[in-house]
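Reading the structure
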Amino acid sequence: MEWRDDAIVLGRRAHGEHAAVATLFARAHGRHLGLARGGGHGKSASVYEIGNRVAAQWRARLPEHLGNWTCELVEAVSAKLMDAPAKLEALTSCAALLDAVLPEREPHEGLYDATRELLARFDEPEWRADYVRWECRCLADLGFGLDLDSCAATGVVDDLRYVSPKTGRAVSGEAGAPYADRLFVLPGFLRGTGKASGSELVMGLEITGHFLDRYVLAPQTKTLPGARVRLYERWRRDAKRREDKV
């Protein structure tokens with residue numbers, strides 16, 4: 001059995017002296033594992049760095065086998081971000097989340113395209129906001145999308161200020177006021193209004209992290225990956241430092 005596909009490297013672990021078991025997110029084949037001979041050592045290992053885009057070929061005698069990777073590097077995304085630690089941390093979080101939330105071998109072509117777009121936008125000034133929106137897309141693709149278009153209680157589309165931690169639906173200022181201490185604050189940038197401040201970005205990560213943890217990972221007895229936790233902590237510290245300077 002054999003197939004070829006565009007793919008993004010999510011991670012690898014050593015297997016023997018020179019090989020590695022690499023996890024790829026392939027556009028038409030989903031999260032997929034395979035043995036990369038030479039992928040754990042030397043020049044070949046650089047192909048399997050987290051976030052890299054590759055032209056992947058997978059071969060196995062039977063579909064249920066681990067199979068073998070033969071990959072050609074298309075874009076060395078991780079190398080481009082080596083001098084930008086904050087962006088590299090976001091890339092690592094992105095890969096770790098995909099590895100944690102995606103079922104094995106289940107296609108998610110829309111999410112794959114959204115992930116490629118995110119990788120391309122790390123050079124943009126608003127890449128942090130793009131990252132949070134990407135996490136929203138993850139939720140939507142897995143069946144737990146946020147509904148931020150109208151108030152869950154009244155149906156109004158104006159003055160949306162909160163997000164329900166139970167339903168993921170927006171709540172208006174008037175309807176949510178009595179329960180404000182139990183609701184998430186809705187950052188404007190998630191509804192396309194204005195640029196995101198540091199504190200709003202943190203709010204966005206709190207919202208997406210809550211729903212990823214509660215509805216996607218907890219049923220699998222998993223928790224948010226360490227890389228995602230570290231990303232949140234970095235953004236929270238950065239936002240606090242900026243606020244302290246004001």
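Look a little higher up for the structure.
So, how was this worked out
Residues numbered from 1 in each chain as written. Predicted model: local features only at pLDDT ≥ 70, side-chain atom pairs only at ≥ 80, totals over all residues. Heavy atoms only, no water. Pairing = 2+ DSSP bridges. Helix = DSSP H or I, 4+ residues; strand = E, 2+ residues; numbered from the N terminus. Core = buried A, V, L, I, M, F, W, Y, C linked by side-chain atoms within 4.5 Å. Buried < 20%, exposed > 50% of the residue type's maximum accessible area, 1.4 Å probe, protein only. Contact = heavy atoms within 4.5 Å. Axes fitted to C-alpha atoms, helices over the stretch in contact; angles between N-to-C directions.

**Remarks on the sheet that holds strand β7 (residues 170-172)**
Spatially, three strands are ordered β7-β6-β8 in an open sheet, and the strand pairing comes out antiparallel. Whereas interior strands pair on both sides, the edge strands pair on one side only; in this sheet they are β7 and β8 (184-185).

**Considerations on the nonpolar core**
Ranked by size, the top nonpolar core spans 56 residues in total, and within it Leu98, Val101, Phe122, Tyr131, Trp134 and Trp235 carry the most contacts. Listed by contribution, the elements that provide at least two residues to this core are β1 (2-15), α2 (85-101), α3 (109-120), α4 (127-141), β6 (160-163), β7, α6 (198-217) and α7 (226-245). The dominant element in this core, judged by the number of residues it contributes, is α2, at nine residues. The contacts of Tyr131, once residues within four sequence positions are left out, are Ala90, Ser93, Cys94, Leu97, Leu118, Leu205, Arg228, Leu231 and Trp235. Residues Ala36, Val47, Tyr48 and Ala56 belong to the second largest nonpolar core, which totals 15 residues.

**Section: the sheet that holds strand β4 (residues 53-59)**
Pairing is mixed in the closed barrel, where five strands are placed in the order β1-β2-β3-β5-β4. Across the sheet, the mean angle from the axis of one strand to that of its neighbour is 45°, orientation sign disregarded. Contacting β1, β2 (19-26) and β3 (30-36), α2 crosses the sheet at an angle of about 105° to β1. Packing of α3 onto the sheet brings it into contact with β1, β2 and β4, and relative to β1 it is tilted by some 65°.

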